[in-house]
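Take a look at the letters that make up each chain.
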Amino acid sequence: MLRFFPEKDKNLARRILRDGMCFSVEDREAVNALRCFEELGILTSLERVYVKCSNENDPDFSTPGVGNCIGEISFHGNNEYYCPECGRPIGAIEQKQRFLEYRVSLNIDGIAQYIKNALQALASTEVVEQVSLFAFRVAIRNGYSLRVVIPNYADARNQSIGLFFAEPALYIISSPIYETVKTVLAVCRREVRAGW
Ligand SMILES: [Zn+2]
């Protein structure tokens, strides 16, 4: 069961679980956590190799105009490279120091699968049935059942399932960390109030 509930530092997890977040390969703690979440199917990571426009370790550092530019130039198939910040052409890129980083890409379907697996791994769970995308019915060992919904991604019928019917429901908030997480629930509640 612990496989689905790794003990990772909360702040570290919050830092990593962002679409587009980048980490240097030197950041071992972040990379280890990244690998852990990747194995759980929650995200994938892409490697990016790049050079820095202005880097004192590079032979072109003393070239006039390099200055303190913060530009980073990714390697790609094209042979011509330009700094995206200052626009200067980057010659002899192969002589510049290379950096490697990982870029996070959250896997929404993988998150749904992970939640299903995690629910199934709970000691009190009999069986987990996926009733719709991002909606599950969990049969509990005491004979009861529970609806589990991820409202940000579930279809409209399942988003409000616990608000209209007697069946106990559990909402799991899974949304981009920089968005307001309870928007869907707030909308559902407003609709229920208006309807009554
Ligand atoms: Zn530059």
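Preceding block: the structure.
Cut-offs applied
- Residues numbered from 1 in each chain as written.
- Predicted model: local features only at pLDDT ≥ 70, side-chain atom pairs only at ≥ 80, totals over all residues.
- Helix = DSSP H or I, 4+ residues; strand = E, 2+ residues; numbered from the N terminus.
- Buried ≥ 20, exposed ≤ 12 C-beta atoms within 10 Å, placed from the backbone.
- Contact = placed C-beta atoms within 7 Å.
- Pairing = 2+ DSSP bridges.
- Axes fitted to C-alpha atoms, helices over the stretch in contact; angles between N-to-C directions.
- Core = buried A, V, L, I, M, F, W, Y, C linked by C-beta atoms within 7 Å.
- Domains from an automatic or database assignment.
- Expected span 1.5 Å × (residues − 1).
- Arc of directions from axis to C-beta.

### Considerations on the overall build of the chain
Working step 1: The number of helices and strands found in the chain is six helices and eight strands.
Working step 2: Across the chain, helices and strands are ordered from the amino to the carboxyl terminus as α-β-α-β-β-β-α-β-β-β-α-α-β-α.
Working step 3: A burial count over the chain gives 16% of its 196 residues as buried.
Working step 4: Sequence-distant contacts, at least 24 apart, represent 46% of the contacts inside the chain between residues at least 6 apart.

### Notes on the environment of Asp 60
Working step 1: Mapped onto the fold, Asp 60 is located in the loop between strand E2 (43-52) and strand E3 (72-74).
Working step 2: On the neighbour-count criterion, Asp 60 (18 C-beta atoms within 10 Å) is partly exposed.
Working step 3: Expressed as a C-alpha distance, the spacing of Asp 60 and Ile 90, which sit 30 residues apart in the sequence, is 8.9 Å.

### Observations regarding the pairing of strand E5 (residues 125-132)
Working step 1: For E5 and strand E6 (residues 135-140), the ladder comprises six bridges, and the chain directions are antiparallel. Paired with Val 127 across the strands is Ala 139, a residue of E6.
Working step 2: Between the end of E5 and the start of E6, which pair antiparallel, lie two residues, with Phe 134 showing a positive phi angle near 65 degrees.

### With respect to the sheet that holds E2
Working step 1: Read across the sheet, four strands follow the order E1-E4-E2-E3 without closing on themselves; strand pairing throughout is antiparallel. Of all strands in the sheet, those with a lone pairing partner are strand E1 (22-24) and E3, marking the two edges. Across the sheet, the mean angle from the axis of one strand to that of its neighbour is 40 degrees, orientation sign disregarded.
Working step 2: Looking at chain direction, E2 and strand E4 (residues 99-106) are connected through eight bridges and run antiparallel. In the strand pairing of E4, Tyr 50 is matched with Phe 99.

### What about the sheet that holds E5?
Working step 1: Read from one edge of the open sheet, four strands run E5-E6-E7-E8, paired in mixed fashion. In this open sheet, the two strands that pair with only one neighbour each are E5 and strand E8 (169-171). The mean inter-strand angle of the sheet, taken between neighbouring strand axes irrespective of direction, is 25 degrees.
Working step 2: In terms of strand pairing, E6 meets strand E7 (residues 145-149) through five bridges, oriented antiparallel. Following the sheet pairing, Arg 137 is matched in E7 by Arg 147.

### A few points about the nonpolar core
Working step 1: Ranked by internal contacts, the top residues of the largest apolar core, which has 21 residues, are Phe 37, Phe 134 and Val 149.
Working step 2: Going through the elements one at a time, helix H2 (28-39), E4, helix H3 (108-121), E6 and E7 are the ones with two or more residues in this core.
Working step 3: Composition of this core by domain shows at least three residues from each of domain 1 (2-106) and domain 2 (108-195).

### Points about H2
Working step 1: Taking 1.5 Å per residue as the helical rise, H2 with its 12 residues ought to reach 16 Å, and the 16 Å between its terminal C-alpha atoms agrees with that figure.
Working step 2: Those residues of H2 that sit buried are Ala 33, Leu 34 and Phe 37. All buried residues of H2 fall inside an arc of 105 degrees around its axis, so they share one side. Exposed residues lying more than 90 degrees from the buried face of H2 are Arg 28, Asn 32, Arg 35 and Glu 39.
Working step 3: A positive phi of about 85 degrees marks Gly 41, the residue just after H2.

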